[in-house]
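What follows is the residue order along each chain.
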Amino acid sequence: MKKYGLIGYPLGHSFSRNFFNEKFASEKINAEYVNFEIPTINDFPKIIAENPDLAGLNVTIPYKEQVIPYLDELDSDAAGIGAVNVIKLKLVNGKRKLIGYNSDVIGFTRSIEPLLEPYHTKALILGTGGASKAVYHGLKKLGLECLFVSRGRHNETTITYEELTPELMEEYKVIVNCTPVGMYPKADEYPHIPYHCLTPKHLLYDLLYNPDTTLFMRKGTEQGAVVKNGLEMLLLQAFGAWEIWNQ
């Protein structure tokens, strides 16, 4: 039996474990998916050593960047993003090799691409955390120019929420929320952008999917904007992980 799993801390309710174990059961795949809740990344080598039947891992917060030094190789997307959420384990000359990938970028680009119109040439990325790196990489691959929006200015590619002028809002018609603002149970919160500047040509994409319609999305809809949540991205990144493990 092949084993797959998830490393992170804390894990709590795991979408991945439920998704993959249901998949294995329904498709009669001889495999299991387990959670490895490790309080420190220093425990990672122990997980590898104690589970010789491991074929693949997912990586979640807070280890998407911390796990990289423990890997033998990164694919080009993971290297470009600087974050890993999928690890493939394969035998090379009798030794297990750990290769890092990023299926977040796969899920995001496949999910947003059908919604893009010719006038969607520039995007605002709300937040500068780990998820925003995959979004930035994906949007660049799709040909969009990107600007990060954060509470503090970090560098020349980042502006603050206070700097979002009507002119900028008109120019940047794709807005992706990569922050946890608006996530259940704090569903009455939302990123502070000038919503009155939105038009039907704007596309608001929220990486959150609980609740289904965040306040960010609702306020966009009120202005006629196209909106989408992150549930399809979540599913597509899981499909992407399975493709990686089986290629």
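It should be noted that the structure appears before, not after, this text.
Reading guide: rules and limits
- Each chain has its residues counted from 1, following the order in which its sequence is written.
- Predicted model: local features are reported for residues with pLDDT of at least 70 only, side-chain atom pairs are reported and counted for 80 or more only, and whole-chain, interface and lining totals are derived from all residues.
- Side-chain metrics rest on all non-hydrogen atoms present in the structure, leaving aside hydrogens and water.
- Defined by distance alone, a disulfide is two cysteine sulfur atoms within 2.5 Å.
- Exposed residues in this analysis have more than 50% of their type's maximum accessible area, buried residues have under 20%, and partly exposed residues fall in between, with area computed by a 1.4 Å probe over protein chains only.
- Going along the chain from the N terminus, every DSSP run of H or I of four or more residues is numbered as a helix, and every run of E of two or more is numbered as a strand.
- Contacts: residue pairs with any heavy atoms within 4.5 Å of one another.
- Two strands qualify as a pair provided DSSP detects at least 2 bridges between them.
- Note on method: axes are straight lines fitted to C-alpha atoms, helices fitted across the in-contact stretch only, with angles between N-to-C directions ranging 0 to 180 degrees.
- A pocket here means an open set of points on a 1 Å grid, computed over the protein atoms alone, that has protein on both sides within 12 Å along at least five of seven lines. A cavity is instead a set of points where a 1.4 Å probe fits but cannot get out; residues with an atom within 4 Å of a point line either one.
- Grid points are joined across faces, edges and corners, and a volume is the space filled by probe spheres set on the points.
- Note on residue categories: nonpolar means Ala, Val, Leu, Ile, Met, Phe, Trp, Tyr, Cys or Pro, charged means Asp, Glu, Lys or Arg, and polar means any other residue, Gly included.
- The term nonpolar core refers to a set of buried residues drawn from Ala, Val, Leu, Ile, Met, Phe, Trp, Tyr and Cys, joined through side-chain atoms within 4.5 Å.
- Here, a salt bridge means any Lys or Arg side-chain nitrogen found within 4 Å of an Asp or Glu carboxyl oxygen.

Chemist: I tried to follow the state of the cysteines on my own but got confused; where do I start?
Modeler: Disulfide: a covalent bond formed between the sulfur atoms of two cysteine residues. This structure, assessed with the given rule, holds zero disulfides. In this model Cys178 remains outside any disulfide bridge; the closest cysteine sulfur is found in Cys146, 9.8 Å from its own. Using a relative accessible area of 13% as the deciding quantity, one classes Cys178 as buried. With no disulfide of its own, Cys197 lies closest to Cys146 among cysteine sulfurs, the gap being 20 Å.

Chemist: What exactly am I supposed to notice about the environment of Asp75 here?
Modeler: Along the chain, the position of Asp75 falls in the loop between strand E4 (73-74) and helix H3 (76-81). With relative accessibility at 21%, the residue Asp75 sits in the partly exposed group. Counting along the chain gives 59 residues from Asp75 to Ser16, while the straight-line C-alpha distance between them is 22 Å. Once residues within four sequence positions are removed from consideration, Asp75 is found in contact with Gly100, Tyr101 and Asn102.

Chemist: Explanation requested: the sheet that holds strand E5 (residues 86-92) in the structure shown.
Modeler: Hydrogen bonding along the main chain pairs the strands of a sheet, whether they run parallel or antiparallel. Judged by pairing direction, the sheet is mixed, and its six strands sit side by side in the order E2-E1-E3-E5-E6-E4 without closing on themselves. Looking along the sheet, the strands with just one partner apiece sit at the ends: strand E2 (31-37) and E4. Strands in contact with helix H1 (residues 15-26) are strand E1 (2-8), E2 and strand E3 (54-59); relative to E2, the strand with the most contacts, it is inclined by about 170°.

Chemist: Any chance you could explain the layout of surface pockets here in plain terms?
Modeler: Each pocket or cavity is described by its volume, and for the largest pocket that value is around 1300 Å³. Lining the largest pocket are 38 residues; nearest its centre among them are Thr60, Ile61, Lys64, Tyr209 and Leu234. Elements that contribute at least two residues to the lining of the largest pocket include exactly H1, E3, helix H5 (130-141) and helix H8 (231-246). Broken down by class, the residue content of the lining of the largest pocket amounts to 20 nonpolar, 15 polar and three charged. Reported here for the second largest pocket is a volume of approximately 280 Å³. Lining the second largest pocket are 13 residues, and of these Ser150, Arg151, Tyr161, Thr179 and Val181 lie nearest its centre. Broken down by class, the residue content of the lining of the second largest pocket amounts to five nonpolar, six polar and two charged.

Chemist: Got a minute to help me understand the side chain of Asn177 in this structure?
Modeler: Topologically, Asn177 is positioned in strand E10 (residues 174-177). On the basis of relative accessibility, which here comes to 0%, the residue Asn177 falls in the buried class. With residues up to four places along the chain from it excluded, the contact list for Asn177 reads Leu126, Pro191, Tyr205, Asp206, Leu207, Leu208 and Phe216.

Chemist: Help me understand the nonpolar core, please; the structure alone is not making it clear to me.
Modeler: Nonpolar side chains in soluble globular proteins tend to be buried together. Residues Tyr4, Phe20, Phe24, Tyr33, Val86, Trp242 and Trp245 are the most contacted members of the largest nonpolar core, which totals 22 residues. Elements represented by at least two residues in this core include exactly E1, H1, E2, strand E6 (95-101), helix H4 (104-112) and H8. Among the elements that line this core, the one with the most residues is H8, at five residues. If you look at the next biggest cluster of nonpolar residues, it comprises 19 residues, including Ile159, Ile193, Leu204 and Ala225.

Chemist: Sorry, what's going on with the pattern of salt bridges here?
Modeler: Side chains that differ in sign of charge can pair as their charged atoms come close. This model, assessed by the stated rule, comprises nine salt bridges. For Lys64, the salt bridge is made with Asp104, and the minimal N-O distance between the two is 2.7 Å. One end of the pair, Lys64, is in the loop between E3 and E4; the other, Asp104, is in helix H4, with 40 residues separating them in the sequence. Between Lys122 and Glu145 there is a salt bridge; the shortest N-O distance is 3.9 Å. With a gap of 23 residues between them, Lys122 in strand E7 (residues 122-126) and Glu145 in strand E8 (residues 145-150) connect regions that are remote in the sequence. Accessibility expressed as a relative area gives 17% for Lys122, which makes it buried. What makes Glu145 partly exposed here is its relative accessible area of 41%. Via salt bridges that share partners, Lys122, Glu145 and Glu171 belong to a single interconnected network.

Read these as layout, nothing more, since geometry by itself doesn't imply function.
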